[in-house]
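Structural features, examined
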Amino acid sequence: MAEHTTAGSSGASEPDTNSSAVGEDYPGRHREYEGRHRADPGGLSVWATAQSTGPVQRRGRYVPESVKHPARMLPAIAAHAVAVYTQPGDLVLDPMCGIGTTLVEAVHAGRDAFGIEYEPQWSNIADANIRHAHDHGASGRASVIRGDATRLMSLVPKALTGQVALVVTSPPYGPTVHGLVRPGEHGVVKYDDRYNDGEDKGNLAYRDLTGLADGFAEILRGCATLLRPGGAVVVTARPWRKRGELVDLPSAVIAAGLRAGLVPTERCVAFLAAVRDGQLVARPSFFQLQQVRKARTSGVPMHLIAHEDVLIFTKTRTAEDGSGVVT
């Protein structure tokens, strides 16, 4: 499941910009745009990103506390996006970075990165994951800014405007997600299934779909300002069910991107299942499997979710530069 990090509309902390990756003296070693999109036009739109399970992908690469985040992005999804849409030395941003999956995969690939995270618990783990990556030979630089990503441009040094090659992120799926389980006296006990303790409602996860889409549009608007010509914004999202009704989050993300001045250019599929001998091997959580079994028992032909939508955007030219998409 994607790592849904947590920006909000109030109570943001002051930005922490100690690292040179986001400082005013940023040396700007990222190359000028060379007039072409980084993606391979012959590449597949299906990303085989779950050939190994999430725990296997993170083992030894992330600190053990990372498992506490209720909705972690598969490292292979972030790694694939970084490999396809950037070159070594490029700058990568995750405006809702959670435990820092995007940042870790970027620095291991020789890119620089920075992220925004609203919840101190997750930003502290992201910092630990970055240190862990450097201890294991990662050559890129990275840092985490603690604050509200809907106010992105007030958190980020102006020197980074137009410098970001790639944004990789994902919106939240509500205040409660799958989390972890353990056996209890009266059955299975669910834990680590929330972004915070529920006291701070400034988190985007506590908004309804309209409020979530509005907040996400503000975040994407800031990303568009930071994005360089030819840069890409990669958003992972998938529908979820609320009281039995399907909530079409990918369509809401596309609409938010359009409102932010971005243009959708690709729609890919990132597998949450392994491909074995031409067949898909599902990798569901306990709760996904339980939900599907209950639905089928009651006569609803529900299936396990085997992929996430990957929505790719570029930004439009300004009115002064003319209309159209920067390609």
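Residues numbered from 1 in each chain as written. Predicted model: local features only at pLDDT ≥ 70, side-chain atom pairs only at ≥ 80, totals over all residues. Heavy atoms only, no water.

**Topic: the overall build of the protein chain**
What counts here: Numbering of helices and strands starts at the N terminus; helices are DSSP runs of H or I of at least 4 residues and strands are runs of E of at least 2. In this description, contact between two residues means that some pair of their heavy atoms is separated by no more than 4.5 Å. Each accessible area is a Shrake-Rupley estimate made with a 1.4 Å probe; only the visible protein chains count as cover when residues are assessed.
Helix and strand content of the protein chain: 8 helices and 14 strands. When contacts within the protein chain are restricted to residue pairs at least 6 apart in sequence, those whose partners lie at least 24 apart make up 76%. Of the accessible surface of the protein chain, which amounts to about 14,500 Å², a share of 52% is contributed by carbon and sulfur atoms.

**Describing helix α2 (residues 75–85)**
Heads up, the condition is: Only protein chains enter the accessibility calculation, which uses a 1.4 Å probe; a residue is then buried when its area is under 20% of its type maximum, exposed when over 50%, and partly exposed in between. This arc is built from the directions going out from the helix axis to the C-beta atoms.
All buried positions along α2 are accounted for by Pro75, Ile77, Ala78, Ala81, Val82 and Tyr85. Taken around the axis of α2, the buried residues stretch over an arc of 170 degrees, which confines them to a single face.

**Quick word on empty space enclosed by the protein**
Our working rule: Buried and open spaces are told apart on a 1 Å grid over the protein atoms alone, a cavity being a set of points where a 1.4 Å probe fits but cannot get out and a pocket being an open set with protein on both sides within 12 Å along at least five of seven lines. Residues with an atom within 4 Å of a point are the lining residues. Grid points are joined across faces, edges and corners, and a volume is the space filled by probe spheres set on the points. For this scheme, ten residues count as nonpolar: Ala, Val, Leu, Ile, Met, Phe, Trp, Tyr, Cys and Pro. Four count as charged, namely Asp, Glu, Lys and Arg, and the remainder, Gly too, count as polar.
Under the criterion given, the structure shown has 1 cavity of 30 Å³ or more. For the lining of the largest cavity, the elements supplying multiple residues, two or more each, are α6 (209–226) and α7 (249–259). Of the residues forming the lining of the largest cavity, the biggest block, 4 residues, is contributed by α7. Residue composition of the lining of the largest cavity, grouped by class: 8 nonpolar, no polar and no charged.

**A closer look at the side chain of Asp94**
Basically, it comes down to this: In this tally, Asp and Glu contribute negative charge and Lys and Arg positive charge; neither His nor the terminal groups of the chain are included. What makes a salt bridge here is a side-chain nitrogen of Lys or Arg within 4 Å of a carboxyl oxygen of Asp or Glu, nothing more. Residues adjacent in sequence count toward polar contacts only when both atoms are side-chain atoms; beyond that, a polar contact is any pair of N or O atoms within 3.5 Å, and within protein one must be able to donate a hydrogen and the other to accept it.
Here Asp94 lies in strand β2 (residues 91–94). Buried and unpaired, Asp94 has Arg58 as its nearest opposite-charge partner, separated by 12 Å. A polar side-chain atom of Asp94 sits 3.0 Å from a polar atom in the side chain of Thr102.

**Things to note about unusual backbone geometry**
Positive phi values are uncommon outside glycine, yet Asp277 reaches one of about 50 degrees. By the element assignment, Asp277 lies in the loop between β12 (273–276) and β13 (279–282). Overall, Asp277 belongs to the exposed group, its relative accessible area being 83%.

**Some words on the nonpolar core**
In plain terms, the rule: Here, nonpolar core refers to any group of buried Ala, Val, Leu, Ile, Met, Phe, Trp, Tyr and Cys residues whose side-chain atoms link them within 4.5 Å.
If you look at the biggest cluster of nonpolar residues, it comprises 36 residues, and the most contacted ones within it are Phe114 and Val156. Mapped by element, the contributors of at least two residues to this core are β2, β3 (112–117), α5 (152–155), β5 (164–169), α6, β8 (227–237), α7 and β14 (307–315). It is α6 that contributes the most residues to this core, 8 residues altogether. For Val156, the residues in contact, after removing those within four places along its chain, are Phe114, Ile116, Ile145 and Leu226. Grouped together as the second largest cluster of nonpolar side chains are 32 residues, Ala106, Ile130, Ala232 and Val310 included.

**Remarks on the pairing of β2**
We count it as follows: Pairing between two strands is assigned when DSSP locates at least 2 bridges connecting them.
The alternating pattern of β2 places Leu91 and Leu93 and Val92 and Asp94 on opposite faces, both of which are buried. Examined bridge by bridge, β2 and β5 share 2 bridges and lie parallel to one another. Its bridge partner being in β5, Val92 is matched across the sheet by Leu166.

**Here's the deal with the sheet that holds strand β4 (residues 142–146)**
Formally: Only the stretch in contact is used when fitting a helix axis, every axis being a line fitted to C-alpha atoms; angles between N-to-C directions are given from 0 to 180 degrees.
Overall, mixed pairing links the 8 strands, which are arranged β1-β11-β14-β8-β5-β2-β3-β4 in an open sheet. Whereas interior strands pair on both sides, the edge strands pair on one side only; in this sheet they are β1 (46–47) and β4. Pairing of β3 with β4 involves 5 bridges; the strand directions are parallel. Note on β4: the bridge partner recorded for Ala113 is Ala142. Packing of α2 onto the sheet brings it into contact with β1, β5, β8, β11 (262–271) and β14, and relative to β5 it is tilted by some 160 degrees. Relative to the sheet, α7 contacts β8, β11 and β14, its axis offset from that of β14 by approximately 10 degrees.

**Regarding the packing of α6 against α7**
Here is the rule we go by: Here the word oblique covers every angle except those under 35 degrees (roughly parallel), over 145 (roughly antiparallel) and from 65 to 115 (roughly perpendicular). For any helix crossing, the convention is left-handed if the near helix is rotated counterclockwise from the far helix by under a right angle, and right-handed if that rotation is clockwise.
Viewed as axis vectors pointing N to C, α6 and α7 meet at an angle of 40 degrees, and their least axial separation amounts to 8 Å. In this view, α6 runs oblique relative to α7, as classed from their interaxial angle. α7 is crossed by α6, and the crossing has right-handed handedness. In contact with Leu209, Leu212, Ala213, Asp214, Phe216, Ala217, Leu220 and Arg221 of α6, α7 contributes Leu249, Ala252, Val253, Ala256, Gly257 and Arg259. Each residue belonging to the contact of α6 with α7 can be placed in one class, and the counts come to 10 nonpolar, 1 polar and 3 charged.

**Some points on the side chain of Asp127**
Secondary-structure assignment places Asp127 in helix α4 (residues 120–135). When sequence neighbours within four positions are dropped, the list of residues in contact with Asp127 reads Val144 and Arg146.

**Section: the pairing of β3**
To be explicit about the condition: Look down the strands so they point away from you; if the path from the first strand over the helix to the second goes clockwise, the crossover is right-handed.
Counting buried positions along β3 gives 6 out of 6 residues, so the element sits mostly inside the fold. Neither face of β3 is open: one carries Asp112, Phe114 and Ile116, the other Ala113, Gly115 and Glu117, and all of them are buried. Judged from the 4 bridges that link them, β2 and β3 form a sheet pairing that is parallel. Opposite Leu91, over in β3, you have Asp112 as the bridge partner. The parallel pair β2 and β3 is bridged by helix α3 (residues 101–108), and the resulting crossover is right-handed. In terms of handedness, the path from β3 via α4 over to β4 forms a crossover that is right-handed.

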